[in-house]
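Per-entry structural report
Listed here are the chains, written in short residue letters.
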Amino acid sequence: MKIPERKKDEVIKYNIQSHIDNLYERNSLPYRSSNIGASSIGNPCLRALYLSFRWAGGMEEKKGRILRIFEMGSREEDIMVKCLKDIGVEMIHTGQEQLKIQLAPHIVVRPDGVIMSGLPDIEDLEGVTYPLNFETKTMNRHNFDKLEKQGVRKAKPEYFAQSQCEMEGVSRELGLECRYTFFTAICKDDCRIYAEIIPYEEAKFNWYMEHANQAIYADRLPEPYSIDPESEYCKYCDHSIFCHVSNESREVNCRTCAWARPDVDGTWKCSVYDNDSIPYEAQTKGCPCHSFN
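Basis of the calculations
Residues numbered from 1 in each chain as written. Predicted model: local features only at pLDDT ≥ 70, side-chain atom pairs only at ≥ 80, totals over all residues. Heavy atoms only, no water. Helix = DSSP H or I, 4+ residues; strand = E, 2+ residues; numbered from the N terminus. Buried < 20%, exposed > 50% of the residue type's maximum accessible area, 1.4 Å probe, protein only. Contact = heavy atoms within 4.5 Å. Core = buried A, V, L, I, M, F, W, Y, C linked by side-chain atoms within 4.5 Å. Pairing = 2+ DSSP bridges. Expected span 1.5 Å × (residues − 1). Arc of directions from axis to C-beta. Salt bridge = Lys/Arg side-chain N within 4 Å of Asp/Glu carboxyl O.

Along its length, the protein chain carries ten helices and eleven strands. For the protein chain, the spread of C-alpha atoms along the principal axes amounts to about 70 × 70 × 35 Å. Across the 293 residues that make up the protein chain, the buried fraction comes to 38%. Looking at the protein chain alone, contacts between residues at least 24 apart form 67% of all its contacts between residues at least 6 apart.

So, on to the nonpolar core. Grouped together as the largest cluster of nonpolar side chains are 41 residues, with contacts concentrated most on I107, L147, V152 and C165. Not counting residues within four places of it along the chain, the set of residues in contact with I107 comprises N35, I36, I41, I101, Q102, M209, A212, N213 and I216. One finds L84, V89, I122 and F134 within the second-largest nonpolar core, a separate group that totals 14 residues.

Strand order across the open sheet formed by three strands is β9-β10-β11, with antiparallel pairing between neighbours. Taken across any chain shown, the strands that pair with only one partner, and hence form the sheet edges, are β9 (260-262) and β11 (276-277). Where β9 and strand β10 (residues 268-270) come together, three bridges link them in antiparallel fashion. Note that in β10 the partner of A260 across the bridge is C270.

Within the element layout of this structure, W55 appears in the loop between α3 (46-53) and α4 (64-86). Placed 23 residues apart in sequence, W55 and R32 show a C-alpha to C-alpha distance of 7.3 Å. Ignoring sequence-local partners within four residues, the contact set of W55 consists of R32, S33, S34, E251, N253, R255, T256, Y280, Q283 and T284.

Our next topic: the environment of L103. Along the chain, the position of L103 falls in strand β3 (residues 101-104). Counting along the chain gives 66 residues from L103 to G37, while the straight-line C-alpha distance between them is 9.7 Å. The residues touching L103, leaving out its near neighbours within four places in the chain, are V108, V109, C165, E168, G169, R172, F205 and M209.

Along an α-helix, residues three or four positions apart point the same way, because every turn accommodates 3.6 residues. Look at helix α8 (residues 202-216): 21 Å from first C-alpha to last across 15 residues, which is about the 21 Å you get at 1.5 Å a residue. The set of residues buried in α8 consists of F205, Y208, M209, H211, A212, A215 and I216. Axial view of α8: buried residues confined to an arc of 160°, hence all on one face. Facing away from the buried side of α8 by more than 90 degrees, the exposed set consists of E202, A203 and E210.

Another point: α3. Of all eight residues in α3, six are buried, a share of seventy percent or more. Looking at α3, one finds that the buried residues are R47, A48, L49, Y50, L51 and F53. Tucked inside the fold, the buried residues of α3 contact β1 (36-37), α2 (38-41), α8, α9 (240-246), β9 and β10.

Next up on the list: the pattern of salt bridges. Within this structure, the stated rule accounts for 15 salt bridges. Of the charged contacts, one joins R192 and E148 as a salt bridge, the two residues approaching to 3.2 Å between their closest N and O atoms. Of the two residues, R192 is situated in the loop between β7 (180-187) and β8 (193-199) and E148 in helix α5 (residues 141-150); the sequence distance between them amounts to 44 residues. On the accessibility criterion, E148 (40% relative accessible area) is partly exposed. The salt bridge partner of R153 is E201, with a shortest N-O separation of 2.2 Å. Of this pair, R153 sits in helix α6 (residues 152-155) while E201 sits in the loop between β8 and α8, and the two are 48 residues apart along the sequence. When salt bridges that share partners are traced, they join R141, D145, E148, D190 and R192 into one network.

Given below as structure tokens:
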């Protein structure tokens, strides 16, 4: 076969991304969380929490590029843990040994680790004691710069809420008073590292738990936090179409059914089937008696 002649400086491009992204998409399994996670509790919109917990939003398959971004973020978190351990920080419950703490019925927290000792210069910070909850994130330059300027509470309130819930969870799980979070963030663009120590605030924790329980046990659809589809709370929300366009869900499962309800024992019960607890797999499929709530 004759090889076609090419210009001397011709750039030969090849689309490998589509093949890799297709592989990620084929290997990605749809998943619905059975609980409200700590990172969601800080969402001020009760309706968004309500709809997410009830699986009323579409389970759209993630694009390969997005799945790779998630994987890269997970790898960066592992690198941060390794870096901290390499400089002498003693950490437990990281990686595969990460804690999964049932903070309340239907509410789960998963700290990235627990720091027991070894943080450099920690003695210079008055009142900070071990153990510390550990949470780490990755973010783009825009969000990182905002975080550096404003701090976690203002720039990323969802992470502040997550930290509050995780501190309470670690205290209960380990039987030790965990009153500080060591929070770090890595900038994806230039590998800068931000670190902040976040103190525990009992009043804030109690508010977050009450907020989540209002969404969990609500007997009707809560009002939206904003009526503006271009607001920061709505623009990128998974339920924006529901609130501002369709006003209905087509997701058939037990959690969108009028016969099912979340119970205070952490299960879902069905009044059609004598209030029996509904197994997770059955919840995802629903039954012929389904009637939209």
